[in-house]
Structures are given as structure tokens and as C-alpha cells.
Amino acid sequence: MSARDIAETQMTAPALVSLREVGKIFPSGLVALADYDLDVREGEILTLLGPSGCGKSTVLRLIAGLASPTAGAIDWGAPHIRNNIGVVFQDATLLPWASVYENVFLPLRLSGLSRQAASPRVKEALAHVGLLDFSRALPRELSGGMRMRCAIARALVTRPELIMMDEPFAALDEVTRFKLNDDLLALKRRFGATIVFVTHSVFEAAYLSTRIVVMSRRAGRIIDDIEIDPSIPRDDDYRSSKTFADVCRRASQALRVSIEEATP
Amino acid sequence: MIWTRRAIPWRDIGVPLAVLFAALALWEALVRWKNIPPYILPAPSVIVAKLVEDRELLFSSLMVTLGVTFEALVIATVCGVALALLIAQSKWLERALLPFAITLQVTPIIAIAPLLLVYLQPGNAVLVCAFLVAFFPILSNTSLGLASVDFGLRDLFHLYRASPWQKLIYLRLPSALPQFLAGLRIGGGLALIGAIVAELAAGASGQGTGLAYRIVEAGFRLDIPRMFAALALISLSGLAIYGALAALSYVLLRGWHESARAQDE
């Protein structure tokens, strides 16, 4: 199968979740989203890119069920997916009083799994993010990058088919961020979950995604929808390739339009 | 660094102890030099001698006061936490119950004590007084703690469809622990004050066996050294209660909460 075929397969992949004419108005009267349409397709890494306050986090919260739309509908391709979504927030959001192990065990514990039954899955998730040796550490004792790994392990432990990530690496330094980007791609290859990723970094979006949706500050209007061939290996060569540069340029242009739209 | 702190504990314990001994020495010297009679101001050595001499009487009274304090604190903790949990369930319950709790708190306990002594057995009246003053800080702090759960964590529990019971056990109670412990520290000190105040009120009517009653009794007999001895025991008890609750708080919060970490660094 050629790269083009793969890209086409990706474009015709069934929608895991579809937002149809979704609107979200906060009680304060702020319009976060209006008439918003988006398909999240199975297997993709979809990045929502846009300036602060463009509603990208709102989209993520709506899909995760943490907020409900004030207009429109959210349709699920397969309803069971909705009950098992992994979420990684901007802040690692760990229980400060609980060890790394207990934090990763939490989603399984809440689903009623016993400690014994959950143990292999917790250990597996910790091993995948390289934190097995830190099982007994408290979040305070970890670096920012390790805390984020712990949050990722927690999101993976329920083996979700859809993972939502809200600017997870925004607070990290560049080296840690690059490393975690690669780790995330490796985990994605292993687990194959669909990922919706929110960021305001053009480079991060271009590196990770198979598709970038650039959102406007005006109620989340979609300015550009950029497909990136998923078959291209994501490595240092890709970072210096023409494709990467083209994607970055196109995303940056769309982002500029988005910001200009926002300033009256 | 933890080890440097352990290497020089004199800074925390030694300095106040040195100041205390210096003050006691000055007191002792002043009394001896000016020949102040013990019924006006007893020297520290006389107070210590009195403590040894009256040890059986004073220590049995101390046990009575501490017993009441401890019992009141336990009841205040159970009731305070229970009411805080109730209030956290609904705004209506908060509106209905909180004003009464506040009214009890702002009414000086010394004013309520004589009334309680009319209605209750002296022992029970003392217990109720100590309970009333210790109860409110535990209630209000625990309420605050239960209400101040991190938004992100709340979302996380919502995402994983946690039941209200799971939210309580795994999220809200641990989140409230630092504030609850702060309330307990205040409540512990206040329970002792409440017990002493009620004993003073009861002692004035000639009943009671606690330390405050010994003070009133010694006052009637102008046995000033015994008054000081009882006072010293009360102060030491207050310090011990505070120290024990601060240590409990440190052990439970060590490693994750800022209040305990500040002492580590």
C-alpha cells in the first residue's frame, strides 16, 4: 500500500465520535463553540491547534463527557467507547497523597476491580512509561516529566480506545517534551488507540499528528484541516524534512488567520 | 535538608529552653534577693517542691481534666466531621444548621457554663462545655476541606464514573485531611480551655475534682504555690496536646502536603 493509499484509508476510516452543529455557551454568556462540526476518526492522532480561549479544551471536555453541549449533538460510532476514555490533563492531576502505583490503580479501583486482579495491568502500564521502579514514590518526589508519565500510565491502564490529551506537555522543558512526544508515538503504535491532542505548539502538532485541525478564536470555527501521512516515520529526519516544514508553514498561516480574526 | 535539621535540633528546642531557664533563674534570684514571701510570689523551686509534695492530689486532678479534655475532643471530632459531611451533601442543610453552630461558637463559653451546671451533673456540664468549644473549629475546617477539592481531580473521578461513596473515600476525605488536622489542633487546645472554664464555674459552687478546681480551692486557702503548681501542669498539658496533634499532623501529611513539607526544608 502506498503512502497515498494509507492517507486515503485514514480519511475514509469510520468516525469514532462526531460532533454535529455543537454549541457551548457558558452560564456567563460566553460563547465557546457555535455550530461546530468535527469527526474523530478511528486510529488517528488528531490535534486541535489554536490560540488560548479558542474552545479547543471545551471540545475535549465535551467529548470526554466532562461538560455537556448547549446545542447540537455528539454521536458515537460505537457507544461502548464512550464508557472508556482516557484523559490526560495539562496538569498531571495526581492524588498528592497516593503513590505512583495507587494513582495508576485508581481508574481500575473505581471500576470495582480488586487490587489483586488489577496488579498485572497496573504494572504493565507503569512499565510502558518507565515508572515501574518508582511505584512507591509520591508525586511530589517526581520530576514534571515523570508526573506526566504517571498520568499517561493512568490513562492507559483501562486500555481505552480513545485518549484525550489537553496540552499535556505544555509545562515541560523542550528536551523532556521531545522525549515524551516520541514515547507517546511508541505507545500509540503499541496500543493503537485514537488520540485527540490539544496543543498551541505548531511544531508539536506537526510532529505528532496524522491530522491537525486549526481552530479560530471565534466560537471555534475551523480554519484549516491538515492531513499528514501517518506512514512517515516520526524521527529527527522528519523534523528536518520538507513535509514537516510544509505542515508547519500551513498550520502557522492558519494560526495567524485565527489570531487576526480574534483581534478586532 | 532533613539531615542538617536533625544535626542541629538545639536551634528549635535549645533556644526556647535556654530562655525558659534564664527566666526561671531570674525569677528565683529576684524572689530570694527581695525576700518576697511565697503567698505573694513563690520561687520556682518552691513551686517544684509543691508539685512533688502534692503530686498525688495534683496528678489525680490532672488525669480528671485530661480525661474530660480527651473525651470532649473525641466527641467533638466525631460530631464535627459527621456534621461537616452532612453539610457537604446539601446547601440546604448548610443553610439550616450552620447558623446554630456559629451561634454556639460566638457565645462565650464562660456565659453558658453556669446554665449547663444548673441542668447537668457537674461532670457532664464540664464535658459539654469542652465539647462545645472544640466542636466548631473541627466542623468549620473539615467543611472547608471537603469543599476545596481540586477541580482536575473532581473531573477525573467524574470521568471514571466514581460513585458518591468512592468520591468521598478516595477523594474528598483525603483532600480534607490537612484542614481537618488544622481544626483538630485548634480544637485540642480549646477543649482544654473549655474544660478548665467549666471546672472553674463548677469549682466556684464547691464541686469538682479537676485541676481548675484545685486552683479555686488553693485560692480560698491562699496556697499560692499550689495555684502555681496547678497552673504549670495546665500549661504543660496544653503544650503536650498541641505537640501531640502537631506530630500527628506531620506524620499524616509528610511527603505530600505543603504544611508538612515546609518543616522538612
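About the thresholds
Residues numbered from 1 in each chain as written. Chains lettered and ligands numbered in written order. Predicted model: local features only at pLDDT ≥ 70, side-chain atom pairs only at ≥ 80, totals over all residues. Helix = DSSP H or I, 4+ residues; strand = E, 2+ residues; numbered from the N terminus. Buried ≥ 20, exposed ≤ 12 C-beta atoms within 10 Å, placed from the backbone. Contact = placed C-beta atoms within 7 Å. Rg over C-alpha atoms; globule rule 2.2 N^0.38 Å. pLDDT = per-residue confidence, 0-100. Expected span 1.5 Å × (residues − 1). Bend = angle between axes of the 7 residues up to and from the residue. Core = buried A, V, L, I, M, F, W, Y, C linked by C-beta atoms within 7 Å. Pairing = 2+ DSSP bridges. Axes fitted to C-alpha atoms, helices over the stretch in contact; angles between N-to-C directions. Nonpolar A, V, L, I, M, F, W, Y, C, P; charged D, E, K, R; others polar. Left-handed = near helix turned anticlockwise from the far one by under 90°.

S.K.: Is there a simple way to think about the overall build of chain B in this case?
M.R.: What chain B contains, in helices and strands, is 12 helices and 0 strands. Each principal axis of the C-alpha distribution contributes one length, and for chain B these read about 75 × 55 × 25 Å. Considering chain B as a whole, with its 265 residues, one finds that 37% of them fall into the buried category. Counting contacts in chain B only where the partners sit at least 6 residues apart, residues at least 24 apart contribute 73% of the total.

S.K.: Just to check I follow, could you spell out the overall build of chain A for this structure?
M.R.: Scanning chain A for helices and strands turns up 10 helices and 9 strands. Relative to the 2.2 N^0.38 estimate, which gives 18 Å for 264 residues, the radius of gyration of chain A is 18 Å and therefore close to what a compact globule would have. Seen through its principal axes, chain A has C-alpha atoms that stretch 55 × 45 × 35 Å. Each of the 264 residues in chain A was classed as buried or not, and the buried ones make up 41%. Contacts in chain A between residues at least 24 apart in sequence constitute 74% of all its contacts with a sequence separation of at least 6.

S.K.: Can you help me understand the confidence of the model for chain B in this one?
M.R.: Low pLDDT marks stretches whose predicted atomic positions should not be read closely. All names here are of chain B. Of all residues in chain B, 92% have pLDDT values of 70 or greater, and the mean over the chain is 88. Within chain B, the element-level pLDDT minimum falls on helix 1 (residues 2-7), averaging 45, and the maximum on helix 3 (residues 44-53), averaging 94. With pTM at 0.83, the complex prediction returns an ipTM value of 0.88.

S.K.: Looking at this structure, how should I read helix 5 (residues 91-106) of chain B?
M.R.: Working note: α-helix, 3.6 residues per turn, so residues spaced by three or four point in the same direction. Residue and element names in this part refer to chain B. The end-to-end C-alpha separation of helix 5 is 22 Å, in line with the 22 Å expected for 16 residues at 1.5 Å each. The largest bend along helix 5 reaches roughly 35° and is located at Leu-97, with the proline Pro-99 sitting one to four residues downstream. Burial analysis of helix 5 places just 1 of its 16 residues in the buried class, which makes it a mostly uncovered element.

S.K.: Even after reading the chapter, I still don't get the nonpolar core, so can you show me in this structure?
M.R.: Nonpolar side chains tend to gather and get buried jointly when the protein is soluble and globular. Leu49(A), Val104(A), Ala153(A), Met164(A) and Ala251(A) are the most contacted members of the largest nonpolar core, which totals 81 residues. Excluding residues that lie within four positions of it along the chain, Val104(A) makes contacts with Val122(A), Ala125(A), Leu126(A), Cys150(A), Ala153(A), Arg154(A) and Val157(A). Core analysis: the next-biggest nonpolar cluster, separate from the first, contains 58 residues, Ala125(B), Ile196(B), Met227(B) and Leu233(B) among them.

S.K.: Would you mind showing me how to read the sheet that holds strand 8 (residues 211-215) of chain A here?
M.R.: For sheets, the rule is that strands pair by backbone hydrogen bonds, running either parallel or antiparallel. Residue and element names in this part refer to chain A. Spatially, the 6 strands line up as an open sheet ordered 5-6-7-3-8-9, and their pairing is mixed. Unpaired on one side and paired on the other, strand 5 (85-88) and strand 9 (222-227) mark the two borders of the sheet. Ignoring strand direction, the axes of neighbouring strands in this sheet form an average angle of 15°.

S.K.: Looking at this structure, I do not really get the pairing of strand 7 (residues 194-199) of chain A. What am I missing?
M.R.: Remember that side chains alternate between the two faces of the sheet whenever the strand is regular. All names here are of chain A. Here strand 7 lies mainly inside the structure; 6 of its 6 residues are buried. Along strand 7, one buried face is formed by Thr-194, Val-196 and Val-198 and the opposite face, lined by Ile-195, Phe-197 and Thr-199, is buried too. Pairing analysis gives 5 bridges linking strand 3 (residues 45-49) to strand 7, with the strands arranged parallel. Residue pairing across strands places Leu-49 opposite Thr-199, the latter belonging to strand 7.

S.K.: Just checking my understanding: could you explain the environment of Arg147(A) for this structure?
M.R.: Residue and element names in this part refer to chain A. Structurally, Arg-147 is set in helix 6 (residues 144-156). With 22 C-beta atoms packed within 10 Å, Arg-147 lands in the buried category. Between the alpha carbons of Arg-147 and Leu-94 there is a distance of 7.8 Å; along the sequence they are 53 residues apart. Excluding residues that lie within four positions of it along the chain, Arg-147 makes contacts with Ala-92, Leu-94, Pro-139 and Leu-142.

S.K.: What's the story with the environment of Met164(A) in this structure? I'm lost.
M.R.: All names here are of chain A. With respect to the helices, strands and loops of the structure, Met-164 is situated in strand 6 (residues 162-166). On the basis of neighbour counts, which here come to 27 C-beta atoms within 10 Å, the residue Met-164 falls in the buried class. Spatially, the C-alpha atoms of Met-164 and Thr-47 are 10.0 Å apart, while their sequence positions differ by 117 residues. Setting aside its immediate chain neighbours within four residues, Met-164 contacts Leu-60, Ile-63, Ala-64, Ile-85, Val-87 and Val-196.

S.K.: Help me understand the interface of chain B and chain A, please; the structure alone is not making it clear to me.
M.R.: Bring the parts together and some accessible area is lost; that lost area is often taken as the interface size. At the junction of the two partners, chain B supplies 12 residues and chain A supplies 15 residues. Elements supplying a minimum of two residues to the side of chain B that touches chain A: helix 8 (151-159) and helix 9 (164-204) of chain B. Per-element accounting of the side of chain B that touches chain A gives the leading share, 6 residues, to helix 8 of chain B. Residue composition of the side of chain B that touches chain A, grouped by class: 7 nonpolar, 4 polar and 1 charged.

S.K.: Where do I start with the packing of helix 4 (residues 55-89) of chain B against helix 7 (residues 122-147) of chain B in this structure?
M.R.: Relative orientation and spacing of two packed helices are given, respectively, by the angle between their axes and the distance between those axes. Residues and elements named next belong to chain B. Where helix 4 meets helix 7, the axes come as close as 7 Å, and the angle between the chain directions of the two elements is 35°. In terms of crossing hand, the pair formed by helix 4 and helix 7 is right-handed. Residues that form the contact of helix 4 with helix 7 fall into these classes: 21 nonpolar, 5 polar and 1 charged.

S.K.: Before we go on, may I ask you to explain helix 4 (residues 100-110) of chain A in this structure?
M.R.: Counting buried residues in helix 4 of chain A gives 9 out of 11 residues, a clear majority hidden from the surface. Listed as buried for helix 4 of chain A are Val100(A), Tyr101(A), Asn103(A), Val104(A), Phe105(A), Leu106(A), Pro107(A), Leu108(A) and Leu110(A).

S.K.: Honestly, the pairing of strand 8 of chain A in this entry has me stumped. Any pointers?
M.R.: Residue and element names in this part refer to chain A. Of all 5 residues that make up strand 8, 5 are buried, and the element is covered over most of its length. Burial of the side chains of strand 8 extends over both faces: Arg-211, Val-213 and Met-215 are buried on one face and Ile-212 and Val-214 on the other. Bridge count between strand 3 and strand 8: 4 bridges; the pairing is parallel. The residue bridging Leu-46 from the neighbouring strand is Arg-211, located in strand 8. In the sheet, strand 8 pairs with strand 9 via 5 bridges, with the strands oriented antiparallel. Across the sheet, Val-214 pairs through a bridge with Asp-224, a residue of strand 9.

S.K.: What am I meant to see in the sheet that holds strand 2 (residues 31-41) of chain A here?
M.R.: Residues and elements named next belong to chain A. Judged by pairing direction, the sheet is antiparallel, and its 3 strands sit side by side in the order 2-1-4 without closing on themselves. Looking at the sheet topology across the chains shown, the edges are occupied by strand 2 and strand 4 (71-76). Between one strand and the next, the sheet's axes are offset by a mean angle of 10°, whatever the strand orientation. When strand 1 (residues 15-25) meets strand 2, the two strands line up antiparallel, connected through 7 bridges. By the bridge assignment, Lys-24 is partnered in strand 2 with Leu-33.

S.K.: Looking at this structure, I do not really get unusual backbone geometry. What am I missing?
M.R.: For residues that are not glycine, phi is negative in most cases, and the peptide bond is trans in most cases. Residue and element names in this part refer to chain A. Even without being glycine, Glu-21 reaches a positive phi, approximately 45°. Mapped onto the secondary structure, Glu-21 falls in strand 1. One non-glycine residue, Thr-93, lies in positive phi territory at about 50°. With respect to the helices, strands and loops of the structure, Thr-93 is situated in the loop between strand 5 and helix 4.

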